[in-house]
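These are the residues of each chain, in order.
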Amino acid sequence: MRNNEYLFLRAIKKASLERTPIWIMRQAGRYLPEYKALRQKYDFLTVCKTPELATEITLQPIRRFGFDAAILFADILLIPEALGQKLEFTADHGPLLSPPIRSLSDMTNLKIEAIREKLLFVSRTIQMSRRELAGKTPLIGFSGSPFTLAVYMIEGQPPRHFKHTKSFLYGNTALFHQLLQKLTTVVIDYLKMQIETGVEAVQIFDTWGNILPPHLFGEFSALYLKKIASDLKPLGVPVILYTRGGINHLLELKNSQAQVLGVDWQTDLAHAKYLFYQDYALQGNLDPAVLYGSKEAISREVERILSLFKNESGHIFNLGHGIPPDVPLDKVEFLVEEVRRLSAKYHKKKGDHEQ
Ligand code: CP3
């Protein structure tokens, strides 16, 4: 199959479709028993850094559910580690980065050179995953956004009140921008490496964009997201920008060179479509918590989302944030079936016969 025939890429180009493609954020992870079984044997960072294991996990959700795109198994925090911070994942407290970056001297200790060499294992995982996917499913690469990476690097531990980030941002704005600029350079280099190695799209996760008030989102996050999208554009691979914070934040991304906007579950998808569909394909935005609900609720919510697009292309079904680790598998399976069944009805061409 040629790349340009993947359903996922056709949806991005707004070409004709027989149904709506679906993948889900954080699809390769802890809600899968086969992931948990592998993690019994190896710790998280070992899995990330061993291409055979990372490839196996990239493929697990594809084998089980047949999603229309695979996502590279890695983590956004591998960048801070490559820059010289010590990264640990604790069972109770989540990720820790030390020492935290809070001053000019902390920043000068960051080593932004040779990022490709330090993250060579990611290239290997991409090569192996592509081989295993065998042209049947496209592979999405990813990175954290400069702002989201900065939050983790400054806080050092899972952020709660964002006190250190905001003290830095309001206390030494020029230095904060220098940090964001450094991270932007690194993210561009890292994503170029992923694209050159073979990923067929890239997504930038701006997970903490929502802690910025709307009037500062443009200056501290959107500016850098746009820079990344425009630098990657000549490589010809679609860029998906995912941020949280609703329509005000999305408005700041209006004139970017990206092809897809991720829509979080707190944003009204109809409103996002009205404002952005002309310039972008849209991805999302089912509330992940619907997967704790009944099958009727899942069908209703799927139908609501699909009915906004009907037979139009340009929509990739996804959750509005990552899948929680404790959702029942049968609900995920039901979701995938419902998206396929209901979207196929909308996309049926005139003259197609009922099966
Ligand atoms: O399916 C996939 O998306 C697989 C690859 C992937 C992981 N993390 C694996 C992972 C991706 C794309 C990420 C992105 C990521 N990592 C984000 C942005 C996405 C989002 O949800 O907003 C963020 C904020 C991180 C940082 C991170 N990594 C945290 C906060 C944690 C611990 C808590 C959590 O959310 O799970 C991780 C660990 C992590 N990254 C796990 C996985 C499967 C769980 C590790 C384990 O097995 O214990």
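The coordinates are above.
The rules behind the values
Residues numbered from 1 in each chain as written. Predicted model: local features only at pLDDT ≥ 70, side-chain atom pairs only at ≥ 80, totals over all residues. Heavy atoms only, no water. Pairing = 2+ DSSP bridges. Helix = DSSP H or I, 4+ residues; strand = E, 2+ residues; numbered from the N terminus. Expected span 1.5 Å × (residues − 1). Buried < 20%, exposed > 50% of the residue type's maximum accessible area, 1.4 Å probe, protein only. Near = heavy atom within 4 Å. Polar contact = N/O pair within 3.5 Å; in protein donor to acceptor, adjacent residues only side chain to side chain. Areas by Shrake-Rupley, 256 points an atom, 1.4 Å probe, with all protein chains shown as cover. Right-handed = clockwise from strand over helix to strand, strands pointing away. Axes fitted to C-alpha atoms, helices over the stretch in contact; angles between N-to-C directions. Parallel < 35°, antiparallel > 145°, perpendicular 65-115°, else oblique. Left-handed = near helix turned anticlockwise from the far one by under 90°. Contact = heavy atoms within 4.5 Å. Nonpolar A, V, L, I, M, F, W, Y, C, P; charged D, E, K, R; others polar. Phe/Tyr/Trp six-rings, centres within 6.5 Å; stacked < 30°, edge-to-face > 60°. Lys NZ or Arg CZ within 6 Å of the ring centre and 35° of its normal.

## Considering the sheet that holds strand 4 (residues 139-144)
And then number 1: Taken in spatial order, the seven strands line up as 1-4-5-6-7-8-9 in an open sheet, and their pairing is parallel. With partners counted over all chains shown, the strands left at the sheet margins are strand 1 (70-71) and strand 9 (315-319), one partner each.
And then number 2: Relative to strand 4, strand 1 runs parallel, the two sharing two bridges. Each residue of the ladder has a partner; that of Ala70, found in strand 4, is Leu139.

## Things to note about helix 8 (residues 120-133)
And then number 1: Over its 14 residues, helix 8 runs 20 Å from end to end, which matches the ideal 20 Å to within 8%, given 1.5 Å per residue.
And then number 2: Looking at helix 8, one finds that the buried residues are Phe121, Val122, Ser123, Thr125, Ile126, Ser129 and Leu133.
And then number 3: Positive backbone phi, approximately 50°, marks Ala134, located one or two places after helix 8.

## Regarding the site of the ligand
And then number 1: Close contacts around the ligand come from 22 residues, with Ala28, Arg30, Tyr35, Arg39 and Thr207 the closest.
And then number 2: A distance of 2.6 Å separates an oxygen atom of the ligand from a polar atom in the backbone of Ala28.
And then number 3: In isolation the ligand has 860 Å² of accessible area, and contact with the protein removes 87% of it.

## Comments concerning the pairing of strand 6 (residues 239-243)
And then number 1: When you tally the buried positions in strand 6, you get five out of five residues, the bulk of the element.
And then number 2: Read from strand 6 through helix 13 (residues 246-251) to strand 7 (residues 260-263), the crossover connection turns out right-handed.

## Describing the packing of helix 11 (residues 173-197) against helix 12 (residues 214-232)
And then number 1: One way to put it is that helix 11 packs onto helix 12 with a least axis distance of 10 Å and a crossing angle of 30°. Here helix 11 is positioned roughly parallel relative to helix 12, judged by the angle of their axes. Crossing geometry of helix 11 relative to helix 12 is assigned as right-handed. Between helix 11 and helix 12, the contacting residues are Thr173, Phe176, His177, Leu180, Gln181, Thr184, Val187, Ile188, Leu191, Lys192 and Ile195 on the first element and Glu219, Phe220, Tyr224, Lys227, Ile228, Asp231 and Leu232 on the second.
And then number 2: Here the contact of helix 11 with helix 12 is built from residues that sort into ten nonpolar, four polar and four charged.

## What to know about the packing of aromatic side chains
What characterises a pair of aromatic rings is the spacing of the ring centres plus the angle enclosed by the ring planes.
And then number 1: Applying the stated rule across the entire model yields twelve aromatic pairs.
And then number 2: Note on Phe44 and Phe89: the rings are 4.7 Å apart at their centroids and 75° apart in plane angle, and the pair reads as edge-to-face. On the criterion of sequence distance, the pair formed by Phe44 in helix 3 (residues 44-49) and Phe89 in strand 2 (residues 86-90) is long-range, its members being 45 residues apart.
And then number 3: Lying over the aromatic face of Trp208, Arg244 brings its terminal NZ or CZ to 5.1 Å of the ring centre.
And then number 4: One Lys or Arg, Lys273, reaches over the ring of Tyr277 and ends 5.1 Å from the middle of that ring.

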